[in-house]
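Structure at a glance
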Amino acid sequence: MQDFEKAFSEFIDRKEYDSAENALFSMIRISFKAGWIAAGGKAPGAQRPVELLIFRQDAPIENHSE
């Protein structure tokens with residue numbers, strides 16, 4: 001039998017998991033927003049999408065704490 005943690009790790013590293021996670025988050029946000037508005041809250045305005053940046057460094061970081 002395959003190790004549970006290894007199998008779970010392989011499962012969450014797939015693109016299908018990311019798609020399902022994004023869809024679930026969207027449903028939760030939409031539901032919360034509907035409840036918020038129904039309770040008398042003001043609808044949020046349009047927001048800029050979050051942009052994730054990946055920084056890569058080819059050379060090792062030098063130690064400047066002299």
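Residue positions are counted from 1 within each chain, in the order its sequence is given. With the structure being a predicted model, the display of local features is reserved for residues of pLDDT at least 70 and the display and counting of side-chain atom pairs for 80 or more, all residues being used for whole-chain, interface and lining totals. For the side-chain quantities, the full set of heavy atoms in the structure was used; hydrogens and water were omitted.

This next bit is on the packing of aromatic side chains. Classification of ring pairs uses Phe, Tyr and Trp, with its six-membered ring standing for Trp, and accepts pairs whose centres are within 6.5 Å; under 30 degrees between planes counts as stacked, over 60 as edge-to-face, and the remaining range as tilted. Across all of its chains, the model carries 4 aromatic pairs by this definition. Taking 6.4 Å as the distance between ring centres and 35° as the angle between the ring planes, the aromatic pair formed by Phe 8 and Phe 11 counts as tilted. Taken as a pair, Phe 8 and Phe 11 lie in helix H1 (residues 4–12) at a separation of 3 residues, close to a single helical turn. Residue burial is assigned from relative accessible area. The probe radius is 1.4 Å, only protein chains are included, and a residue is buried under 20% of its type maximum, exposed over 50%, and partly exposed in between. The class for Phe 11 is partly exposed, based on a relative accessible area of 44%. Strands here mean DSSP runs of E at least two residues long; helices mean DSSP runs of H or I at least four residues long; both are numbered from the N terminus.

In this section: helix H2 (residues 15–38). Between its first and last C-alpha, H2 extends 35 Å over 24 residues, near the 34 Å set by a 1.5 Å rise per residue. Downstream of H2 by a residue or two, Gly 40 has a phi angle that is positive, lying close to 100°. Any helix carries an expected span of 1.5 Å times its number of residues minus one.

Let us now look at a nonpolar patch on the surface. Exposure above 30% relative accessible area and the absence of a salt bridge qualify a residue for a patch, where like charges join within 9 Å and nonpolar side chains (Val, Leu, Ile, Met, Phe, Trp, Tyr) within 5 Å. In short, Shrake-Rupley with a 1.4 Å probe defines the accessible areas, and a residue's cover is counted only from the protein chains shown. Salt bridge, as used here: a side-chain nitrogen of Lys or Arg that lies within 4 Å of a carboxyl oxygen of Asp or Glu. Where nonpolar side chains cluster on the molecular surface, the patch consists of Phe 4, Phe 8 and Phe 11 and spans about 340 Å² of accessible area. Phe 8 sits in the partly exposed class, given a relative accessible area of 40%.

What follows is about the pattern of salt bridges. Here the structure, examined in full by the defined rule, presents 2 salt bridges. Residue Glu 10 is joined to Lys 6 by a salt bridge in which the shortest nitrogen-to-oxygen separation is 3.1 Å. Residue Glu 10 and its partner Lys 6 are located together in helix H1, separated by 4 residues, close to a single helical turn. Residue Glu 10 is classed as partly exposed on the basis of its relative accessible area, which comes to 38%. Its relative accessible area of 46% is what places Lys 6 among the partly exposed residues. Two residues, Arg 14 and Glu 16, come together in a salt bridge whose shortest N-O distance is 3.3 Å.

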